[in-house]
Amino acid sequence: HPKSSFNDYIVFGGMPHIAPFKLDYETSMKALRDSYNSAILQDVVRRYNIRNVSLLEKIISYIFANTSKTFSASSISRYLKSEKINATVDTIINYLKFCEDAFLISRVKRNDILGKEILKTEEKFFISDHGYREAMIGFNLKSIELILENIVYMELVRRGYDVYIGKVNNLEIDFVAYKANELNYFQVSYLMPTEETRKREFGVYEKTADNFPKYVISMDQINFSQNGIKHLNIIDFLLNE
């Protein structure tokens, strides 16, 4: 059934090498941790000759915990200071870049829709596969909103879009996706049980005065499409290109 398969996907992610373990939690997570440690850490550490491996691990676990949230290198630096670790912003930026080059994470810049400019600070980072997050820090289901956003981001990239975070005045649209001559807006939510939630998720589009397609994606089974904004169930979104 797609719904239970999707719930498994939220926890296990989509790495093919764990398929033989048939969703056995312990074995799958161990395999993910092993591949993370060997492929990623060693790859990054060796390739870039990183001496401070524990700093790299701290930065990666910060990103895993905060996937889909907006932050900057200086907020990571503040977090590390609170953990009694000193790291310059430059070092953090370099380590983030190394992780990007190893395809462990993706950086998404913000696009000021009204001003049409790309904003430099406060970016978001997404994980190439959220199963790694479950293996390394756990609790994907508890952070389901973040995981859903990560899933939608990776799917848009897979479909060949250039993806940015949208900013309209002080509101944020989760994704502005460009491909050739098309532009689509996507807002991702977990569930929208109340009128208030729906108002918030659909309301971010009020200031975008253009006619490009606008979507709200959530796990709701009821179709809440309104004012020309399409509402999609996330499973339908993933299954239908």
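Predicted model, so just to flag it, every value in this text is computed and none were measured.

Colleague: I'd like a rundown of the overall build of the chain, residues and numbers included.
Modeller: Assigned secondary structure in the chain consists of nine helices and eight strands. For 241 residues, the compact-globule formula gives about 18 Å, and the C-alpha radius of gyration of the chain, at 19 Å, lands near that figure. Dimensions of the chain, computed from the C-alpha atoms along their principal axes, are close to 55 × 45 × 35 Å. Pairs at least 24 residues apart make up 55% of the contacts formed inside the chain by residues separated by at least 6 positions.

Colleague: Explain the packing of aromatic side chains to me, and be specific about the residues and the numbers.
Modeller: Overall, the coordinates contain 16 aromatic pairs when judged by the stated rule. Ring centres 5.5 Å apart and planes at 25° place the aromatic pair Phe71 and Phe125 in the stacked group. Linking Phe71 in strand β1 (residues 70-71) with Phe125 in strand β3 (residues 117-127), this pair joins segments that are 54 residues apart in sequence. Phe125 carries the same exposure label as Phe71, and that label is buried. Ring centres of Tyr95 and Phe98 lie 6.0 Å apart, and the angle between their planes is 35°; this geometry places the pair in the tilted category. Of this pair, Tyr95 and Phe98 are both found in helix α5 (residues 89-101), three residues apart, which corresponds to roughly one turn of the helix.

Colleague: Describe the packing of helix α2 (residues 25-47) against helix α3 (residues 53-65), and please don't skip the residues or the numbers.
Modeller: It is at 11 Å that the axes of α2 and α3 come closest, and there the two elements cross at 120°. Relative to α3, the element α2 lies oblique. The hand of the α2/α3 crossing is right-handed. Every residue of α3 that contacts α2 at Tyr36, Leu41, Val44 and Val45 is listed here: Val53, Leu56, Glu57, Ile60 and Phe64. Tallied by class, residues from the contact of α2 with α3 come to eight nonpolar, no polar and one charged.

Colleague: For the pattern of salt bridges, give the residues involved together with the corresponding values.
Modeller: Evaluation of the coordinates by the stated rule reveals 13 salt bridges. Put simply, Lys124 and Glu149 hold a salt bridge, and the shortest N to O gap is 2.7 Å. In this pair, Lys124 is assigned in strand β3 and Glu149 in helix α7 (residues 144-158), connecting sequence segments 25 residues apart. Here the two residues Lys124 and Glu149 agree in accessibility, since each one is buried. One salt bridge connects Arg200 with Glu201, and the closest N-O pair in it is separated by 3.3 Å. You can call Arg200 exposed: its relative accessible area is 52%. The class of Glu201 is buried, set by a relative accessible area of 5%. What emerges from the salt-bridge pattern is a single network uniting Glu100, Arg107 and Glu123.

Colleague: Let's hear about the nonpolar core: which residues, and what values?
Modeller: A general tendency of soluble globular proteins is for nonpolar side chains to be buried together. Core analysis: the biggest nonpolar cluster contains 36 residues, and Leu56 and Ile59 have the highest contact counts within it. If you tally residues by element for this core, the top one is α2, at eight residues. The contacts of Ile59, once residues within four sequence positions are left out, are Ile76, Leu80, Ile92, Tyr95 and Leu96. Membership of the second largest hydrophobic core comes to 24 residues, among which are Ile144, Phe175, Phe186 and Phe237.

Colleague: Report on α7, specifying residues and quantitative values.
Modeller: An ideal rise of 1.5 Å per residue puts 21 Å on 15 residues; α7 measures up with 21 Å between its terminal C-alpha atoms. A large share of α7 lies buried, amounting to 11 of its 15 residues. Immediately beyond the C-terminal end of α7, within one or two residues, lies Gly160, with a positive phi of roughly 90°.

Colleague: So what's going on with the pairing of strand β5 (residues 171-179)? Which residues, and what values?
Modeller: Looking at chain direction, strand β4 (residues 162-168) and β5 are connected through six bridges and run antiparallel. Bridge pairing in β5 places Lys167 opposite Glu172. Here β4 folds back onto β5 in antiparallel fashion, the turn holding two residues, of which Asn169 has a positive phi close to 50°. Both β5 and strand β6 (residues 182-188) contribute to a ladder of five bridges, which runs antiparallel. Residue Val176 lies in a different strand from β6, and its bridge partner there is Tyr185. Counting the residues that bridge the hairpin from β5 to β6 gives two residues, and of these Ala180 lies at a positive phi of roughly 50°.

What counts, and at which threshold
- Residues take numbers from 1 onward in each chain, read along the sequence in its written order.
- Predicted model: local features are reported for residues with pLDDT of at least 70 only, side-chain atom pairs are reported and counted for 80 or more only, and whole-chain, interface and lining totals are derived from all residues.
- Calculated side-chain values reflect all of the structure's heavy atoms, with hydrogen atoms and water omitted.
- Each helix is a run of DSSP H or I of at least 4 residues and each strand a run of E of at least 2, with the numbering of both proceeding from the N terminus.
- Using C-alpha atoms as the atom set, the radius of gyration is obtained and then compared with a globule rule of 2.2 Å times the number of residues to the power 0.38.
- Contact definition: two residues touch when any of their heavy atoms are within 4.5 Å.
- Aromatic rings from Phe, Tyr and Trp, with only the six-membered ring used for Trp, were paired whenever their centres fell within 6.5 Å, and each pair was classed as stacked if the ring planes differed by under 30 degrees, edge-to-face if by over 60, and tilted otherwise.
- Buried residues are those whose accessible area, probed at 1.4 Å on protein chains only, stays under 20% of the maximum for their type, while exposed residues exceed 50% and partly exposed ones sit between those limits.
- Helix axes are fitted only over the stretch in contact, all axes being lines through C-alpha atoms; the angle between N-to-C directions runs from 0 to 180 degrees.
- Note on terminology: angles under 35 degrees are roughly parallel, angles over 145 are roughly antiparallel, angles of 65 to 115 are roughly perpendicular, and the others are oblique.
- When the near helix sits turned anticlockwise from the far one by under a right angle, the crossing is termed left-handed; a clockwise turn instead gives a right-handed crossing.
- Think of it as three bins: nonpolar holds Ala, Val, Leu, Ile, Met, Phe, Trp, Tyr, Cys and Pro, charged holds Asp, Glu, Lys and Arg, and polar takes everything else, Gly as well.
- Counted as salt bridges are all cases of a side-chain nitrogen of Lys or Arg within 4 Å of a carboxyl oxygen of Asp or Glu.
- The criterion is simple. A nonpolar core is a set of buried Ala, Val, Leu, Ile, Met, Phe, Trp, Tyr and Cys residues joined through side-chain atoms within 4.5 Å.
- What a helix is expected to span follows from its residue count: subtract one and scale by 1.5 Å.
- Pairing between two strands is assigned when DSSP locates at least 2 bridges connecting them.

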